[in-house]
Amino acid sequence: MSESNVRITLRQQQDYQFQVDFGEGIPPLLADEPTPLGSGQGPSPVQLLAAAVGNCLSDSLLFALRKFKQTPEPLHCTVDAEIGRNEQKRLRVLKMTAALHLGVPASSLEHLDRVLDQFEAYCTVTQSVGQGVSIEMQVFDSTGKRLK
């Protein structure tokens, strides 16, 4: 059973450019395909998908750490999307790799092992997308030490 619904509206501006309307109070976004198909005036659908995965993972990690009254800020995340051809020779997102970076050393955070074991399971977007696209997730602290 659905707990809520999200609706966005896309309106073609020209060629492959679409204005994405998220609803009242949220500024619209211009999305576009890269050249040669589009003109690259905004993020592509693949970039938006990667952003959604990275944003959701970052939110989930931050929420889990704050639940234990920890301050990991400033967080940052990079997401690499591997694009290739499937068996039918159609372009697909084959794999995504998300690297989350804490803004502090791991030693300054309590309950970090518990958080790292659980936060990913609560990420709505990543868990949904991950059913069709392989998603590798890594977490690093501010010293560059890989934690997961």
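Reading the values: the criteria
Along each chain, residues carry numbers from 1 onward, in the same order as the chain's sequence is written. Residues qualify for local features only when their pLDDT is at least 70, as the model is predicted, and side-chain atom pairs are given and counted only at 80 or more; totals for whole chains, interfaces and linings, by contrast, use all residues. Hydrogen atoms and water are omitted, and side-chain values are computed over all heavy atoms in the structure. Any Lys or Arg side-chain nitrogen located within 4 Å of an Asp or Glu carboxyl oxygen qualifies as a salt bridge. Helix and strand definitions follow DSSP, with helices as H or I runs of at least four residues and strands as E runs of at least two, each counted in order from the N terminus. Think of it in three bands: with a 1.4 Å probe and only protein chains considered, a residue is buried below 20% of the maximum accessible area for its type, exposed above 50%, and partly exposed in between. Each nonpolar core is a collection of buried residues, namely Ala, Val, Leu, Ile, Met, Phe, Trp, Tyr and Cys, held together in the definition by side-chain atoms within 4.5 Å. Here, two residues are considered to be in contact whenever any of their heavy atoms come within 4.5 Å of each other. Strands are treated as partners if at least two bridges between them are detected by DSSP. A fitted line through C-alpha atoms represents every axis, and for helices the fit uses only the stretch in contact; the resulting angles, taken between N-to-C directions, go from 0 to 180 degrees.

A. The arrangement of the pattern of salt bridges in detail. Summed over the entire model, instances satisfying the criterion amount to 3 salt bridges. Between R11 and D21 there is a salt bridge, and its shortest N-O distance comes to 3.6 Å. You can see R11 sitting in strand 1 (residues 9–14) and its partner D21 sitting in strand 2 (residues 17–21), a full 10 residues away along the chain. We note a salt bridge from R66 to E73, for which the minimum N-O separation is 2.4 Å. Using a relative accessible area of 47% as the deciding quantity, one classes R66 as partly exposed.

B. Geometry of the nonpolar core. If you look at the biggest cluster of nonpolar residues, it comprises 25 residues, and the most contacted ones within it are L57, L61, M96, F119 and V139. Every element with two or more residues in this core is listed here: helix 1 (45–67), strand 5 (91–101), helix 2 (112–118) and strand 6 (134–140). Of all the elements, helix 1 adds the most residues to this core, at 7 residues. Beyond its immediate sequence surroundings of up to four residues, M96 is in contact with L49, A50, V53, V79, D80, A81, V129, V133, S134, I135 and E136.

C. A look at the sheet that holds strand 6. If you trace the 3 strands from one edge of the open sheet to the other, you get 4-5-6, paired in mixed fashion. On the outer flanks of this sheet lie strand 4 (76–85) and strand 6, each paired with one strand and no other. Strand-to-strand twist in this sheet, taken as the mean axis angle between neighbours without regard to direction, amounts to 15°. The pairing of strand 4 with strand 5 spans 10 bridges and is classified as antiparallel. Paired with C77 across the bridge in strand 5 is L100. Along the sheet, helix 1 contacts strand 4, strand 5 and strand 6; its crossing angle with strand 5, the most-contacted strand, is approximately 30°.

D. Structural context of unusual backbone geometry. Geometrically, the link from T35 to P36 is a cis peptide bond, its omega value of 10° lying close to zero. By the secondary structure assignment, P36 is in the loop between strand 3 (29–31) and helix 1. The amide bond that connects E73 to the next residue, P74, takes the cis arrangement and shows omega of 0°. Structurally, the position occupied by P74 is in the loop between helix 1 and strand 4. Its identity is not glycine, yet D15 carries a phi of approximately 40°, on the positive side.

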